[in-house]
Amino acid sequence: DQQVKQNSPSLSVQEGRISILNCDYTNSMFDYFLWYKKYPAEGPTFLISISSIKDKNEDGRFTVFLNKSAKHLSLHIVPSQPGDSAVYFCAAGATTSYGKLTFGQGTILTVHP
Amino acid sequence: KAGVTQTPRYLIKTRGQQVTLSCSPISGHRSVSWYQQTPGQGLQFLFEYFSETQRNKGNFPGRFSGRQFSNSRSEMNVSTLELGDSALYLCASSSYWTALNTEAFFGQGTRLTVV
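The structure presented is a predicted model; accordingly, all values stated were derived computationally and were not measured.

Asks: Talk me through the overall build of chain A; I want residue IDs and the actual numbers.
Replies: If you tally the helices and strands in chain A, you get zero helices and 11 strands. From first element to last, N terminus to C terminus, chain A shows the α and β order β-β-β-β-β-β-β-β-β-β-β. Its C-alpha atoms give chain A a radius of gyration of 13 Å, within 12% of the compact-globule value 13 Å for 113 residues. For the C-alpha atoms alone, the extent of chain A along its principal axes is close to 45 × 30 × 20 Å. When each of the 113 residues of chain A is scored for burial, the buried share is 47%. Sequence separation of at least 24 residues holds for 55% of the intrachain contacts in chain A that already meet a minimum separation of 6. Within the structure as shown, chain A displays about 5200 Å² of accessible surface, and the carbon and sulfur contribution to it stands at 50%.

The structure is reproduced here in structure tokens:
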């Protein structure tokens, strides 16, 4: 039962353009969502998060959008840079499920110079 | 401020042995969660500790256990190691894990190889 899905295994973008990574979830109990960037054999690096009481959160080049009715969130990176190339994971949590994040399978982002 | 510290970074163990991994959370964070990452299963939740109490546990056998100390540092133990336990073990540090506090930070992980 995959409660968090990232349906695009990979995404290729030109430097300077926008990268849009998508994530869908099924569990209505999730009330916060996080995005992480990860390199092989390293821990995930926290990028940005959003609470279910919001529909948008921005931090520099990163913006996360949450559509609760569609159970969908997306991460926008503008402008994309070659250093953004990595695997991106979305994760969802519920306040009642202390500390348990449910992760998607990840999307490999490649930003070409 | 210092990030989440996991030790050791790499470990090689033999089947049947046991192993203990350590995690020091960000100063002031009282919650530590543990995850296992494998190529086939992705990131899977093991358990969470808050103020020395286990509040949540994932679907792993009893060979996987943990504890948290009064200074919030946490250890996880795997007994009777199996080849399938080879994975990257990650811990995450957070304040409260609620929709009002949505930041959670991971350590670099411990790469465990069972031979």
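Back to the text.
Asks: Go over the side chain of Gln37(B), please, and point to the residues and values.
Replies: Take Gln37(B): it is sitting in strand 4 (residues 31–38). A distance of 3.0 Å separates polar atoms of two side chains, one belonging to Gln37(B) and the other to Lys38(A). Excluding residues within four positions of it along the chain, Gln37(B) makes contact with Lys38(A), Phe89(A), Gly42(B), Leu43(B), Ala87(B), Leu88(B) and Leu90(B).

Asks: Please provide a residue-by-residue account of the pairing of strand 11 (residues 110–114) of chain B, values included.
Replies: All names here are of chain B. Only one face of strand 11 is covered, namely the face carrying Thr110, Leu112 and Val114; the face carrying Arg111 and Thr113 is uncovered. Of the strand pairs in this sheet, strand 2 (residues 10–13) and strand 11 are connected by four bridges, and their pairing is parallel. Counterpart to Tyr10 in the pairing with strand 11 is Arg111.

Asks: Quick one: what's the story with the interface of chain A and chain B, residue by residue and with numbers?
Replies: Contacts between the two partners involve 23 residues from chain A and, on the opposite side, 24 residues from chain B. Roughly 2000 Å² is buried in total at the junction of chain A and chain B, and carbon and sulfur atoms are behind 61% of that figure. For the pair chain A and chain B, the interface holds zero salt bridges. When its residues are assigned to classes, the side of chain A that touches chain B shows 12 nonpolar, seven polar and four charged.

Asks: How would you explain unusual backbone geometry if you had to name every residue and give the values?
Replies: In this chain, Val78(A) is followed by Pro79(A) through a cis amide linkage whose omega measures -10°. Among the secondary structure elements, Pro79(A) is positioned in the loop between strand 8 (72–77) and strand 9 (86–93). The linkage connecting Thr7(B) with the following residue, Pro8(B), adopts the cis geometry, with an omega of -10°. The residue Pro8(B) is located in the loop between strand 1 (5–7) and strand 2 in this model. Positive phi outside glycine occurs at Lys71(A), with the angle close to 50°. Of note, Lys71(A) is situated in the loop between strand 7 (62–67) and strand 8. We note that Ser51(B) has phi near 45°; this positive angle belongs to a residue other than glycine. When you line up the elements, Ser51(B) lands in the loop between strand 5 (42–50) and strand 6 (53–57).

Asks: Pulling in residues and values, what's your account of the sheet that holds strand 8 (residues 74–78) of chain B?
Replies: Residue and element names in this part refer to chain B. Read across the sheet, four strands follow the order 1-3-8-7 without closing on themselves; strand pairing throughout is antiparallel. Sheet topology places strand 1 and strand 7 (64–68) at the edges, where each strand pairs with a single neighbour. Between one strand axis and the next, the sheet turns by 20° as a mean value, whatever way the strands run. Looking at chain direction, strand 7 and strand 8 are connected through five bridges and run antiparallel. Counterpart to Gly66 in the pairing with strand 8 is Met76.

Cut-offs applied
Residues numbered from 1 in each chain as written. Chains lettered and ligands numbered in written order. Predicted model: local features only at pLDDT ≥ 70, side-chain atom pairs only at ≥ 80, totals over all residues. Heavy atoms only, no water. Helix = DSSP H or I, 4+ residues; strand = E, 2+ residues; numbered from the N terminus. Rg over C-alpha atoms; globule rule 2.2 N^0.38 Å. Buried < 20%, exposed > 50% of the residue type's maximum accessible area, 1.4 Å probe, protein only. Contact = heavy atoms within 4.5 Å. Areas by Shrake-Rupley, 256 points an atom, 1.4 Å probe, with all protein chains shown as cover. Polar contact = N/O pair within 3.5 Å; in protein donor to acceptor, adjacent residues only side chain to side chain. Pairing = 2+ DSSP bridges. Buried area = accessible area lost by both parts, 1.4 Å probe. Salt bridge = Lys/Arg side-chain N within 4 Å of Asp/Glu carboxyl O. Nonpolar A, V, L, I, M, F, W, Y, C, P; charged D, E, K, R; others polar. Axes fitted to C-alpha atoms, helices over the stretch in contact; angles between N-to-C directions.

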